[in-house]
Amino acid sequence: MNPHLLFRLAVDAVLAVCVLFGLWYIALPVGAIALFRFPYFMELTAAGFAYDALFGMNASSGNMSFIAAYAGTLSTAGISLAVAAIKGSVR
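Before going into details, it helps to say that this report is about the structure given with it.

Scoring rules and cut-offs
Residues numbered from 1 in each chain as written. Predicted model: local features only at pLDDT ≥ 70, side-chain atom pairs only at ≥ 80, totals over all residues. Heavy atoms only, no water. Helix = DSSP H or I, 4+ residues; strand = E, 2+ residues; numbered from the N terminus. Buried < 20%, exposed > 50% of the residue type's maximum accessible area, 1.4 Å probe, protein only. Contact = heavy atoms within 4.5 Å. Axes fitted to C-alpha atoms, helices over the stretch in contact; angles between N-to-C directions. Parallel < 35°, antiparallel > 145°, perpendicular 65-115°, else oblique. Left-handed = near helix turned anticlockwise from the far one by under 90°. Nonpolar A, V, L, I, M, F, W, Y, C, P; charged D, E, K, R; others polar. Salt bridge = Lys/Arg side-chain N within 4 Å of Asp/Glu carboxyl O. Core = buried A, V, L, I, M, F, W, Y, C linked by side-chain atoms within 4.5 Å.

1. A few points about the overall build of the protein chain
Inference 1: Scanning the protein chain from terminus to terminus reveals four helices and zero strands.
Inference 2: Along the chain direction, N to C, the helices and strands of the protein chain fall in the order α-α-α-α.
Inference 3: Counting only residues that meet the buried cut, the protein chain has 25% of its 91 residues in that class.
Inference 4: Partitioning the intrachain contacts of the protein chain with sequence separation of at least 6 by distance along the chain shows that 65% fall at a separation of at least 24.

2. Re the packing of helix 2 (residues 24-37) against helix 3 (residues 43-55)
Inference 1: Where helix 2 contacts helix 3, the axes come no closer than 10 Å and their chain directions differ by 165°. Put simply, helix 2 runs roughly antiparallel to helix 3. Regarding helix 2 and helix 3, the two cross each other, and that crossing is left-handed. On helix 3, the residues touching Trp-24, Ala-27, Gly-31, Ala-32 and Leu-35 of helix 2 are Leu-44, Ala-47, Gly-48 and Tyr-51.
Inference 2: When its residues are assigned to classes, the contact of helix 2 with helix 3 shows seven nonpolar, two polar and no charged.

3. Considering the pattern of salt bridges
Inference 1: The final tally for this structure, using the stated rule, is one salt bridge.
Inference 2: With a shortest N-O distance of 3.0 Å, Arg-8 and Glu-43 are connected by a salt bridge. Of this pair, Arg-8 sits in helix 1 (residues 3-21) while Glu-43 is found in helix 3, placing the two residues 35 residues apart along the sequence.

4. Here we look at the nonpolar core
Inference 1: If you look at the biggest cluster of nonpolar residues, it comprises 16 residues, and the most contacted ones within it are Leu-15, Trp-24 and Phe-41.
Inference 2: If you list the elements that add at least two residues to this core, you get helix 1, helix 2 and helix 3.
Inference 3: It is helix 2 that provides the largest number of residues to this core, a total of six residues.
Inference 4: Aside from chain neighbours lying at most four places away, what touches Phe-41 is Arg-8, Val-11, Asp-12, Leu-15, Gly-31, Ala-34 and Leu-35.

What follows is the structure in structure tokens.
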């Protein structure tokens, strides 16, 4: 089996476990490493969306901002853009 495919499957498994258990502080660095390795790694954005669906705050949860409900998706988009910029200047 292709070693790149095995690494991608392992990262996907780690992301899935981290999202299910709410370990977003582990999922983000693992996803950032995968963004460096693979040109198209959309699984991180899907993980951010899933994290928001599971643990995101709704509009009626007090005086939290409406943007806080999309923290996972916005953080993955920001990290993806930052890694793309860094990747372009490093390579």
